[in-house]
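Take a look at the letters that make up each chain.
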Amino acid sequence: MTRIFSGIKPTGHLTLGNYLGAVRRWVEVDQHRADALFCVVDLHALTVDHDPGRVRRLSRQAATLLLAAGLDPARCTVFVQSHVDEHARLSYLMECTATDGEMRRMIQYKEKAAREQQRGGSVRLSLLTYPALMAADILAYQADEVPVGDDQTQHVELARDLAVRFNQRYGHAFTVPRAVRPQVAARVMDLQDPTSKMGKSHAATAGIVYLLDEPDVIRRKVMRAVTDSGSGVAYEPDTRPGVANLLDILAACTGSSPEELAESYDSYGALKKDTAEAVVEVLRPLRERHGELCADPGQVDRVLREGAERARALARPTVDAAYSAIGLLPAL
Ligand code: AQP
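Because the structure is predicted, anything quoted here is derived from the model rather than measured. (Residues numbered from 1 in each chain as written. Predicted model: local features only at pLDDT ≥ 70, side-chain atom pairs only at ≥ 80, totals over all residues. Heavy atoms only, no water.)

K.L.:
Got a sec to walk through the pattern of salt bridges? Specific residues and values, please.
P.N.:
By the definition in use, this model includes 21 salt bridges. With its nearest N and O atoms 3.2 Å apart, the salt bridge here joins Arg310 to Asp35. Placement of the pair is Arg310 in helix H12 (residues 297-325) and Asp35 in strand E2 (residues 35-40), with a sequence separation of 275 residues. Looking at Arg310, the relative accessible area reads 32%, which means it is partly exposed. With its nearest N and O atoms 3.2 Å apart, the salt bridge here joins Arg89 to Glu86. Note that Arg89 and Glu86 are positioned in helix H3 (residues 86-95) at a spacing of three residues, about one turn of the helix. Relative accessible area serves as the criterion here: at 2%, Glu86 is assigned to the buried category. (Salt bridge = Lys/Arg side-chain N within 4 Å of Asp/Glu carboxyl O. Helix = DSSP H or I, 4+ residues; strand = E, 2+ residues; numbered from the N terminus. Buried < 20%, exposed > 50% of the residue type's maximum accessible area, 1.4 Å probe, protein only.)

Written out as C-alpha coordinates, the structure reads:
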(Lines give C-alpha, C1' and ligand atoms only; values in the text may rest on other atoms or scores of the structure.)
Protein backbone atom coordinates (compact mmCIF):
# COMPACT_ATOMS: atom_id res chain seq x y z
CA MET A 1 0.00 0.00 0.00
CA THR A 2 1.23 3.49 -0.78
CA ARG A 3 2.64 5.26 2.29
CA ILE A 4 2.21 9.01 2.53
CA PHE A 5 3.57 11.56 4.97
CA SER A 6 2.70 15.22 5.33
CA GLY A 7 3.00 17.84 8.04
CA ILE A 8 1.89 21.20 9.23
CA LYS A 9 3.99 23.70 11.22
CA PRO A 10 2.54 25.26 14.38
CA THR A 11 3.87 28.72 13.50
CA GLY A 12 0.45 30.38 13.55
CA HIS A 13 -3.27 29.68 13.40
CA LEU A 14 -4.15 27.44 10.46
CA THR A 15 -5.38 29.29 7.38
CA LEU A 16 -7.66 28.76 4.43
CA GLY A 17 -4.45 28.19 2.43
CA ASN A 18 -3.50 25.27 4.65
CA TYR A 19 -7.00 23.85 4.31
CA LEU A 20 -7.56 24.21 0.56
CA GLY A 21 -3.93 23.58 -0.34
CA ALA A 22 -3.31 20.61 1.91
CA VAL A 23 -5.61 19.46 4.71
CA ARG A 24 -8.77 19.01 2.67
CA ARG A 25 -7.03 16.62 0.32
CA TRP A 26 -5.57 14.70 3.26
CA VAL A 27 -9.12 14.25 4.59
CA GLU A 28 -11.03 13.61 1.38
CA VAL A 29 -8.50 11.62 -0.61
CA ASP A 30 -5.25 10.64 1.07
CA GLN A 31 -6.46 8.95 4.24
CA HIS A 32 -8.74 6.72 2.14
CA ARG A 33 -6.28 5.63 -0.51
CA ALA A 34 -3.05 5.12 1.41
CA ASP A 35 -1.36 4.36 4.70
CA ALA A 36 -1.12 8.00 5.69
CA LEU A 37 0.77 9.80 8.47
CA PHE A 38 -0.05 13.42 9.29
CA CYS A 39 2.21 15.24 11.66
CA VAL A 40 2.23 18.52 13.56
CA VAL A 41 5.86 19.35 12.85
CA ASP A 42 6.59 21.35 15.97
CA LEU A 43 10.41 21.08 15.72
CA HIS A 44 10.18 23.08 12.49
CA ALA A 45 8.43 25.88 14.37
CA LEU A 46 11.62 26.45 16.39
CA THR A 47 13.65 27.56 13.37
CA VAL A 48 12.54 31.18 13.74
CA ASP A 49 12.02 33.43 16.75
CA HIS A 50 9.32 31.74 18.82
CA ASP A 51 7.40 31.93 22.07
CA PRO A 52 7.44 28.49 23.85
CA GLY A 53 3.92 28.75 25.26
CA ARG A 54 2.51 29.82 21.91
CA VAL A 55 4.15 26.93 20.03
CA ARG A 56 2.71 24.51 22.58
CA ARG A 57 -0.80 26.00 22.26
CA LEU A 58 -0.63 26.13 18.47
CA SER A 59 0.57 22.52 18.29
CA ARG A 60 -2.45 21.36 20.19
CA GLN A 61 -4.76 23.59 18.20
CA ALA A 62 -3.33 22.31 14.91
CA ALA A 63 -3.81 18.68 15.98
CA THR A 64 -7.37 19.44 17.08
CA LEU A 65 -8.12 21.19 13.78
CA LEU A 66 -6.77 18.25 11.76
CA LEU A 67 -9.20 15.98 13.58
CA ALA A 68 -11.99 18.55 13.27
CA ALA A 69 -11.36 18.74 9.53
CA GLY A 70 -12.03 15.02 9.30
CA LEU A 71 -8.78 13.09 9.72
CA ASP A 72 -9.92 9.82 11.21
CA PRO A 73 -7.47 8.10 13.58
CA ALA A 74 -8.97 4.77 12.56
CA ARG A 75 -7.78 5.42 9.00
CA CYS A 76 -4.56 7.39 9.42
CA THR A 77 -1.89 8.29 11.98
CA VAL A 78 -2.01 11.77 13.51
CA PHE A 79 0.86 12.72 15.80
CA VAL A 80 3.28 15.40 16.98
CA GLN A 81 6.82 15.31 15.56
CA SER A 82 8.69 15.92 18.84
CA HIS A 83 6.93 12.92 20.41
CA VAL A 84 8.90 10.62 18.10
CA ASP A 85 12.68 10.84 18.63
CA GLU A 86 13.45 9.19 15.31
CA HIS A 87 12.93 12.48 13.44
CA ALA A 88 15.80 14.22 15.23
CA ARG A 89 17.98 11.09 15.13
CA LEU A 90 17.65 10.71 11.39
CA SER A 91 17.96 14.45 10.77
CA TYR A 92 21.61 14.28 11.82
CA LEU A 93 22.32 11.58 9.24
CA MET A 94 20.64 13.76 6.62
CA GLU A 95 22.93 16.65 7.61
CA CYS A 96 25.83 14.27 7.03
CA THR A 97 24.45 13.45 3.58
CA ALA A 98 23.49 16.95 2.35
CA THR A 99 25.92 19.69 1.35
CA ASP A 100 26.13 23.24 2.61
CA GLY A 101 25.53 24.54 -0.94
CA GLU A 102 22.33 22.51 -1.30
CA MET A 103 20.91 23.92 1.90
CA ARG A 104 21.79 27.51 1.00
CA ARG A 105 20.01 27.19 -2.36
CA MET A 106 16.63 26.59 -0.73
CA ILE A 107 14.28 29.47 -1.56
CA GLN A 108 12.57 29.33 1.82
CA TYR A 109 15.92 29.67 3.59
CA LYS A 110 16.96 32.61 1.43
CA GLU A 111 13.66 34.43 1.93
CA LYS A 112 13.38 33.83 5.67
CA ALA A 113 17.03 34.50 6.40
CA ALA A 114 16.77 37.82 4.49
CA ARG A 115 13.64 38.73 6.45
CA GLU A 116 15.33 37.97 9.79
CA GLN A 117 18.39 40.00 8.82
CA GLN A 118 16.24 42.94 7.70
CA ARG A 119 14.58 42.92 11.10
CA GLY A 120 18.05 43.03 12.67
CA GLY A 121 17.59 39.55 14.13
CA SER A 122 19.96 36.61 13.92
CA VAL A 123 19.34 33.59 11.69
CA ARG A 124 19.10 30.29 13.55
CA LEU A 125 21.29 27.49 12.24
CA SER A 126 18.20 25.26 12.27
CA LEU A 127 16.65 27.46 9.56
CA LEU A 128 19.47 26.39 7.27
CA THR A 129 19.28 22.72 8.24
CA TYR A 130 15.45 22.63 8.20
CA PRO A 131 15.33 20.61 4.94
CA ALA A 132 17.49 17.89 6.54
CA LEU A 133 14.89 17.50 9.28
CA MET A 134 12.12 17.54 6.71
CA ALA A 135 13.89 14.85 4.70
CA ALA A 136 14.16 12.81 7.92
CA ASP A 137 10.42 13.30 8.58
CA ILE A 138 9.63 11.77 5.21
CA LEU A 139 12.33 9.10 4.87
CA ALA A 140 11.92 7.69 8.38
CA TYR A 141 8.53 6.36 7.29
CA GLN A 142 9.60 5.08 3.85
CA ALA A 143 6.98 7.44 2.44
CA ASP A 144 6.20 7.06 -1.27
CA GLU A 145 4.28 10.30 -1.58
CA VAL A 146 4.33 13.68 0.13
CA PRO A 147 1.24 15.80 -0.52
CA VAL A 148 2.35 19.45 -0.33
CA GLY A 149 1.52 22.89 -1.69
CA ASP A 150 3.82 24.50 -4.26
CA ASP A 151 5.92 26.21 -1.58
CA GLN A 152 7.25 22.90 -0.26
CA THR A 153 8.10 21.07 -3.47
CA GLN A 154 11.75 22.18 -3.46
CA HIS A 155 12.23 20.60 -0.04
CA VAL A 156 10.68 17.33 -1.21
CA GLU A 157 13.01 17.35 -4.22
CA LEU A 158 15.93 17.66 -1.82
CA ALA A 159 14.58 14.76 0.27
CA ARG A 160 14.58 12.68 -2.93
CA ASP A 161 18.17 13.64 -3.70
CA LEU A 162 19.27 12.75 -0.17
CA ALA A 163 17.49 9.40 -0.29
CA VAL A 164 19.14 8.50 -3.59
CA ARG A 165 22.59 9.62 -2.38
CA PHE A 166 22.32 7.76 0.93
CA ASN A 167 21.14 4.59 -0.83
CA GLN A 168 24.00 4.77 -3.34
CA ARG A 169 26.67 5.35 -0.72
CA TYR A 170 25.58 3.02 2.04
CA GLY A 171 23.17 0.50 0.49
CA HIS A 172 19.43 0.73 0.09
CA ALA A 173 17.86 2.28 3.18
CA PHE A 174 15.10 4.62 1.97
CA THR A 175 12.18 4.75 -0.41
CA VAL A 176 12.62 7.70 -2.79
CA PRO A 177 9.54 9.88 -2.19
CA ARG A 178 7.72 12.17 -4.59
CA ALA A 179 5.72 15.37 -4.07
CA VAL A 180 2.03 15.29 -4.97
CA ARG A 181 0.18 18.55 -5.59
CA PRO A 182 -3.56 19.19 -5.55
CA GLN A 183 -4.96 20.42 -8.87
CA VAL A 184 -7.11 23.26 -7.56
CA ALA A 185 -5.94 26.01 -5.20
CA ALA A 186 -2.41 24.66 -4.88
CA ARG A 187 -1.44 28.12 -3.74
CA VAL A 188 -3.94 30.40 -2.00
CA MET A 189 -2.70 33.97 -1.97
CA ASP A 190 -3.00 36.69 0.67
CA LEU A 191 -6.21 38.69 0.10
CA GLN A 192 -4.39 41.98 0.72
CA ASP A 193 -1.25 41.07 -1.22
CA PRO A 194 -2.22 38.56 -3.90
CA THR A 195 1.37 38.16 -5.04
CA SER A 196 2.34 36.50 -1.72
CA LYS A 197 0.95 33.25 -0.42
CA MET A 198 -1.52 33.26 2.46
CA GLY A 199 0.88 32.23 5.23
CA LYS A 200 -0.10 31.56 8.83
CA SER A 201 3.04 33.12 10.27
CA HIS A 202 2.65 36.46 8.48
CA ALA A 203 2.38 39.53 10.70
CA ALA A 204 -0.27 41.39 8.68
CA THR A 205 -3.50 39.45 9.22
CA ALA A 206 -6.11 41.43 7.22
CA GLY A 207 -5.57 39.30 4.10
CA ILE A 208 -5.48 35.96 5.88
CA VAL A 209 -8.57 33.85 6.53
CA TYR A 210 -7.98 31.67 9.59
CA LEU A 211 -9.93 28.43 9.95
CA LEU A 212 -11.33 29.58 13.28
CA ASP A 213 -12.34 33.09 12.12
CA GLU A 214 -15.98 33.95 12.86
CA PRO A 215 -18.20 34.05 9.72
CA ASP A 216 -18.49 37.84 9.86
CA VAL A 217 -14.73 38.23 10.07
CA ILE A 218 -14.36 35.98 7.01
CA ARG A 219 -16.96 38.03 5.09
CA ARG A 220 -15.20 41.28 5.97
CA LYS A 221 -11.78 39.99 4.91
CA VAL A 222 -13.05 38.66 1.58
CA MET A 223 -15.12 41.77 0.80
CA ARG A 224 -12.02 43.92 1.38
CA ALA A 225 -9.77 41.75 -0.79
CA VAL A 226 -7.50 43.70 -3.12
CA THR A 227 -8.52 43.29 -6.76
CA ASP A 228 -7.46 45.68 -9.53
CA SER A 229 -8.86 48.61 -11.49
CA GLY A 230 -9.76 46.55 -14.58
CA SER A 231 -13.43 46.11 -15.46
CA GLY A 232 -15.17 42.78 -15.85
CA VAL A 233 -14.16 39.52 -14.26
CA ALA A 234 -11.47 37.48 -16.05
CA TYR A 235 -9.13 34.70 -14.93
CA GLU A 236 -5.66 36.12 -15.62
CA PRO A 237 -3.35 35.08 -12.76
CA ASP A 238 -0.30 36.92 -14.13
CA THR A 239 -1.89 40.30 -14.76
CA ARG A 240 -4.86 40.24 -12.37
CA PRO A 241 -3.70 38.15 -9.39
CA GLY A 242 -6.29 39.46 -6.90
CA VAL A 243 -9.30 38.46 -9.00
CA ALA A 244 -7.63 35.19 -9.98
CA ASN A 245 -7.08 34.38 -6.30
CA LEU A 246 -10.77 34.93 -5.51
CA LEU A 247 -11.75 32.75 -8.48
CA ASP A 248 -9.31 30.04 -7.36
CA ILE A 249 -10.74 30.10 -3.84
CA LEU A 250 -14.34 30.01 -5.07
CA ALA A 251 -13.46 27.21 -7.48
CA ALA A 252 -11.82 25.19 -4.73
CA CYS A 253 -14.83 25.69 -2.44
CA THR A 254 -17.46 24.85 -5.05
CA GLY A 255 -15.69 22.24 -7.16
CA SER A 256 -15.86 24.27 -10.38
CA SER A 257 -13.10 25.70 -12.56
CA PRO A 258 -11.88 29.30 -12.15
CA GLU A 259 -12.15 29.94 -15.91
CA GLU A 260 -15.81 28.86 -15.99
CA LEU A 261 -16.61 30.89 -12.89
CA ALA A 262 -15.03 34.00 -14.41
CA GLU A 263 -17.58 33.84 -17.23
CA SER A 264 -20.50 33.83 -14.85
CA TYR A 265 -19.58 37.12 -13.09
CA ASP A 266 -19.54 40.66 -14.36
CA SER A 267 -18.81 42.51 -11.10
CA TYR A 268 -16.21 42.14 -8.38
CA GLY A 269 -18.84 42.77 -5.70
CA ALA A 270 -20.89 39.69 -6.65
CA LEU A 271 -17.76 37.56 -6.95
CA LYS A 272 -16.55 38.61 -3.50
CA LYS A 273 -19.95 38.03 -1.92
CA ASP A 274 -20.24 34.50 -3.32
CA THR A 275 -16.63 33.72 -2.43
CA ALA A 276 -17.16 34.87 1.15
CA GLU A 277 -20.30 32.75 1.53
CA ALA A 278 -18.61 29.72 -0.03
CA VAL A 279 -15.68 30.00 2.39
CA VAL A 280 -18.00 30.43 5.39
CA GLU A 281 -19.92 27.29 4.39
CA VAL A 282 -16.79 25.21 3.77
CA LEU A 283 -15.39 26.11 7.18
CA ARG A 284 -18.63 25.92 9.20
CA PRO A 285 -18.56 22.16 10.03
CA LEU A 286 -14.88 22.31 10.83
CA ARG A 287 -15.37 25.14 13.32
CA GLU A 288 -18.27 23.31 14.98
CA ARG A 289 -16.34 20.06 15.31
CA HIS A 290 -13.35 21.95 16.72
CA GLY A 291 -15.60 23.29 19.49
CA GLU A 292 -16.76 19.77 20.35
CA LEU A 293 -13.21 18.41 20.47
CA CYS A 294 -12.06 21.27 22.71
CA ALA A 295 -14.77 20.25 25.17
CA ASP A 296 -13.27 16.74 25.30
CA PRO A 297 -9.48 17.24 25.52
CA GLY A 298 -8.89 13.62 26.60
CA GLN A 299 -9.92 12.48 23.13
CA VAL A 300 -7.21 14.58 21.44
CA ASP A 301 -4.62 13.38 24.01
CA ARG A 302 -5.47 9.77 23.27
CA VAL A 303 -5.25 10.22 19.50
CA LEU A 304 -1.84 11.89 19.81
CA ARG A 305 -0.51 9.24 22.21
CA GLU A 306 -1.60 6.35 20.01
CA GLY A 307 -0.43 8.17 16.89
CA ALA A 308 3.06 8.65 18.33
CA GLU A 309 3.24 5.00 19.39
CA ARG A 310 2.43 3.82 15.89
CA ALA A 311 4.75 6.34 14.26
CA ARG A 312 7.62 5.30 16.53
CA ALA A 313 7.09 1.63 15.74
CA LEU A 314 7.19 2.40 12.01
CA ALA A 315 10.21 4.72 12.07
CA ARG A 316 12.52 2.96 14.50
CA PRO A 317 13.60 -0.01 12.32
CA THR A 318 14.34 2.30 9.37
CA VAL A 319 16.37 4.74 11.45
CA ASP A 320 18.24 1.95 13.26
CA ALA A 321 19.12 0.39 9.90
CA ALA A 322 20.33 3.76 8.56
CA TYR A 323 22.53 4.25 11.67
CA SER A 324 24.07 0.88 11.09
CA ALA A 325 24.51 1.39 7.31
CA ILE A 326 26.31 4.71 7.75
CA GLY A 327 28.90 3.10 10.02
CA LEU A 328 27.70 3.62 13.59
CA LEU A 329 28.24 0.80 16.04
CA PRO A 330 24.88 -0.58 17.19
CA ALA A 331 24.15 -0.08 20.92
CA LEU A 332 24.04 -3.38 22.80
N1 AQP B 1 -1.30 29.66 0.97
C2 AQP B 1 -1.22 28.37 0.79
N3 AQP B 1 -1.80 27.81 -0.27
C4 AQP B 1 -1.75 26.48 -0.46
N5 AQP B 1 -1.15 25.62 0.38
C6 AQP B 1 -0.56 26.13 1.45
N7 AQP B 1 0.11 25.56 2.46
C8 AQP B 1 0.52 26.52 3.31
N9 AQP B 1 0.11 27.73 2.89
C10 AQP B 1 -0.55 27.52 1.72
C11 AQP B 1 0.34 24.12 2.59
O12 AQP B 1 -0.11 23.72 3.88
C13 AQP B 1 0.73 22.68 4.35
C14 AQP B 1 1.29 23.01 5.69
O15 AQP B 1 1.96 24.23 5.59
P16 AQP B 1 3.12 24.69 6.55
O17 AQP B 1 2.68 24.61 7.92
O18 AQP B 1 4.36 23.96 6.20
O19 AQP B 1 3.40 26.15 6.02
P20 AQP B 1 2.63 27.54 6.14
O21 AQP B 1 1.22 27.43 6.54
O22 AQP B 1 2.94 28.20 4.87
O23 AQP B 1 3.35 28.15 7.40
P24 AQP B 1 4.14 29.44 7.55
O25 AQP B 1 4.90 29.31 8.81
O26 AQP B 1 3.29 30.66 7.34
O27 AQP B 1 5.03 29.28 6.33
P28 AQP B 1 6.24 29.91 5.90
O29 AQP B 1 7.19 28.80 6.12
O30 AQP B 1 6.01 30.25 4.49
O31 AQP B 1 6.49 31.11 6.81
C32 AQP B 1 1.84 22.49 3.33
O33 AQP B 1 1.51 21.40 2.50
C34 AQP B 1 1.81 23.79 2.57
O35 AQP B 1 2.29 23.62 1.26
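K.L.:
Go over the state of the cysteines with me, naming the residues and quoting the values.
P.N.:
Inspection of the entire model under this criterion finds zero disulfides. You can see Cys294 has no disulfide; the closest cysteine sulfur is in Cys76, sitting 18 Å from it. With a relative accessible area of 45%, Cys294 lands in the partly exposed category. (Disulfide = S-S within 2.5 Å.)

K.L.:
Could you give me a rundown of the packing of helix H5 (residues 107-118) against helix H6 (residues 125-139), with the residues and numbers involved?
P.N.:
Closest axis-to-axis distance for the H5/H6 pair is 10 Å, and the angle between their directions is 165 degrees. The orientation of H5 relative to H6 falls into the category roughly antiparallel. Between H5 and H6 lies a crossing of right-handed hand. Side by side, H5 and H6 meet where Gln108, Tyr109, Lys112 and Ala113 of the first sit next to Leu127, Leu128 and Tyr130 of the second. For the contact of H5 with H6, the residue count by class is five nonpolar, one polar and one charged. (Axes fitted to C-alpha atoms, helices over the stretch in contact; angles between N-to-C directions. Parallel < 35°, antiparallel > 145°, perpendicular 65-115°, else oblique. Left-handed = near helix turned anticlockwise from the far one by under 90°. Contact = heavy atoms within 4.5 Å. Nonpolar A, V, L, I, M, F, W, Y, C, P; charged D, E, K, R; others polar.)

K.L.:
Account for empty space enclosed by the protein, naming residues and giving values.
P.N.:
The final tally for this structure, using the stated rule, is one cavity of 30 Å³ or more. Volume-wise, the largest cavity comes out at about 30 Å³. Around the largest cavity, the lining residues are Met106, Gln108, Tyr109, Leu127, Tyr130, Pro131 and His155. Elements represented by at least two residues in the lining of the largest cavity include exactly H5 and H6. Each residue belonging to the lining of the largest cavity can be placed in one class, and the counts come to five nonpolar, two polar and no charged. (1 Å grid on protein atoms, 1.4 Å probe; cavity = no way out; pocket = protein on both sides within 12 Å on 5 of 7 lines; lining within 4 Å. Points joined across faces, edges and corners; volume = space filled by probe spheres on them.)

K.L.:
Residues and numbers for the packing of aromatic side chains, please.
P.N.:
As enumerated under the stated definition, the model contains five aromatic pairs in all. Between Phe5 and Tyr141, the ring centres sit 5.6 Å apart and the planes meet at 5 degrees, which makes this aromatic pair stacked. Taken together, the residues span a long stretch of sequence, with Phe5 in strand E1 (residues 3-8) and Tyr141 in the loop between H6 and strand E4 (145-147) at a distance of 136 residues. Taken as a pair, Phe5 and Tyr141 share a single burial class, namely buried. Aromatic rings pair up to connect Phe5, Phe79 and Tyr141 into one cluster. Across the ring face of Tyr323, the terminal group of Arg89 is positioned such that the distance to the ring centre comes to 4.5 Å. (Phe/Tyr/Trp six-rings, centres within 6.5 Å; stacked < 30°, edge-to-face > 60°. Lys NZ or Arg CZ within 6 Å of the ring centre and 35° of its normal.)

K.L.:
Tell me what's going on with the nonpolar core, and back it up with residues and numbers.
P.N.:
Counting 60 residues, the largest nonpolar core has Tyr19 and Leu283 as its most contacted members. For this core, the leading source of residues is helix H11 (residues 268-294), giving ten residues. When residues of this core are assigned to domains, at least three map to each of domain 1 (3-181 + 296-326) and domain 2 (215-292). Every residue in contact with Tyr19, bar those within four places of it in the chain, is listed here: Arg24, Ala69, Leu211, Val282, Leu283 and Leu286. (Core = buried A, V, L, I, M, F, W, Y, C linked by side-chain atoms within 4.5 Å. Domains from an automatic or database assignment.)

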